[in-house]
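Tertiary structure, described
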Amino acid sequence: MLKSAEYTKWLSVVALLMFVCATFQIVDGHWGYAALCFDVAASFMAISTKHGKLEKDGEQPRQ
């Protein structure tokens, strides 16, 4: 099982890759896929930020 810090780090990396994917989809003209990638990336980034704040405050995030 991943530790909390590793979980937050991996979510941030996946979000970054999804933002890159959205950029390439826009360049190729696939706007629907780009919107989907962007939405998923924004969700992952929000989860990562929330998880990081809970970890910083010393609370246990729900699994």
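Thresholds applied
- Residues numbered from 1 in each chain as written.
- Predicted model: local features only at pLDDT ≥ 70, side-chain atom pairs only at ≥ 80, totals over all residues.
- Heavy atoms only, no water.
- Patch = residues over 30% accessible without salt bridge, like charges linked within 9 Å, V, L, I, M, F, W, Y side chains within 5 Å.
- Areas by Shrake-Rupley, 256 points an atom, 1.4 Å probe, with all protein chains shown as cover.
- Salt bridge = Lys/Arg side-chain N within 4 Å of Asp/Glu carboxyl O.
- Helix = DSSP H or I, 4+ residues; strand = E, 2+ residues; numbered from the N terminus.
- Disulfide = S-S within 2.5 Å.
- Buried < 20%, exposed > 50% of the residue type's maximum accessible area, 1.4 Å probe, protein only.
- Phe/Tyr/Trp six-rings, centres within 6.5 Å; stacked < 30°, edge-to-face > 60°.

What follows concerns a nonpolar patch on the surface. On the surface, a cluster of nonpolar side chains totalling about 300 Å² of accessible area is made up of Trp10, Val13 and Leu17. Assignment of secondary structure puts Val13 in helix α1 (residues 4-28).

Attention now moves to the state of the cysteines. A full pass over the atoms with the stated rule returns zero disulfides. Cys21 takes part in no disulfide bond, and the closest cysteine sulfur, belonging to Cys37, lies 3.3 Å away. According to the relative accessible area criterion, Cys21 is partly exposed, its value standing at 26%.

Overall, the coordinates contain one aromatic pair when judged by the stated rule. Consider the rings of Phe19 and Phe38, whose centres lie 5.4 Å apart with planes at 65°: the pair is edge-to-face. Of this pair, Phe19 sits in helix α1 while Phe38 sits in helix α2 (residues 31-57), and the two are 19 residues apart along the sequence. For Phe19, a relative accessible area of 26% gives the class partly exposed.

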